[in-house]
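Below, each chain spelled out in residue letters.
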Amino acid sequence: MITSAAACEDIELRITGMTCAACVRRVERALQRVDGVKNASVNLATERASVQWDRGKDSIGSLIRAVESAGYHAETIQSEESPAVRNDAAALTPEASIL
C-alpha cells in the first residue's frame, strides 16, 4: 500500500547517551525499523533525531521504545506547531497524570 506524502508527519526527538558515529547509525536503524517510518536522521552534535513517519501506522511511544531498546534515551521535543505530538507524548509519562 502506498501512502501519500500528506499522511507523513515530521517529529523531532531528543536522544541522549550517544558518543560516536556508530551510536548515531544504531539509533537511525532502530527508528527506521518502526512501522510507518519513512526517514530517520540523527545528529550527534545536537542530540536530535528528525523522523518522517506515518502517524497512522504507529505511535510516538513506538519510536521512543525503539531508541531505548537500542540502548539510548529518547524524548519528544515540544513544539507549538504540533499539539497532537504533545498529547501523545504526555500519555507516555506517568508524571503527566500527576500534573
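All residue numbers here refer to positions counted from 1 along the written sequence of the relevant chain. In keeping with the model being predicted, local features are shown solely for residues with a pLDDT of at least 70 and side-chain atom pairs are shown and tallied solely at 80 or more, while totals for entire chains, interfaces and linings include all residues. Where side-chain values are given, they derive from all heavy atoms of the structure, hydrogens and water being excluded.

A.B. asks: How should I be thinking about helix α1 (residues 21–32) in this particular structure?
C.D. replies: Helix numbers and strand numbers start at the N terminus; a helix is a DSSP run of H or I with at least 4 residues, a strand a run of E with at least 2. Here a helix's expected span is defined as the number of its residues, less one, multiplied by 1.5 Å. For α1, which comprises twelve residues, the first-to-last C-alpha distance of 16 Å matches the rise-based estimate of 16 Å (1.5 Å per residue) to within 8%. Burial classification: accessible surface area is computed with a 1.4 Å probe over protein chains only, and a residue below 20% of its type maximum counts as buried, one above 50% as exposed, and the rest as partly exposed. All of the buried residues along α1 are C23, V24, V27, E28, A30 and L31. Looking down the long axis of α1, one finds its buried residues gathered within 165° of arc, a one-sided arrangement. For α1, the elements touching its buried residues are β1 (8–16), β2 (37–43), β3 (48–54) and α2 (60–69). In this description, one arc is meant: the one made by directions from the helix axis to the C-beta atoms. Contacts were defined at the residue level, with two residues in contact if any of their heavy atoms lie within 4.5 Å.

A.B. asks: For this particular structure, what's the right way to read the pairing of strand β4 (residues 73–76)?
C.D. replies: On a regular strand, each side chain points to the face opposite its neighbour's, so the side chains alternate between the two faces of the sheet. Of the two faces of β4, only the one carrying A74 and T76 is buried; H73 and E75 on the other face are not. Bridge analysis of β1 against β4 gives four bridges, and the strand direction is antiparallel. Along β4, the bridge assignment pairs L13 with T76. Here a strand pair is declared whenever DSSP counts at least two bridges between the two strands.

A.B. asks: Looking at this structure, I do not really get the nonpolar core. What am I missing?
C.D. replies: By nonpolar core we mean a set of buried residues, namely Ala, Val, Leu, Ile, Met, Phe, Trp, Tyr and Cys, connected to one another through side-chain atoms within 4.5 Å. Residues L13, I15, M18, V27, L31, V51 and L63 are the most contacted members of the largest nonpolar core, which totals 23 residues. For this core, the elements supplying multiple residues, two or more each, are β1, α1, β2, β3 and α2. Leaving out residues up to four positions away in the same chain, I15 has contacts with V27, E47, R48, A49, V67, Y72, H73 and A74.

Take it as geometry only, folks, not as evidence of what the structure does.
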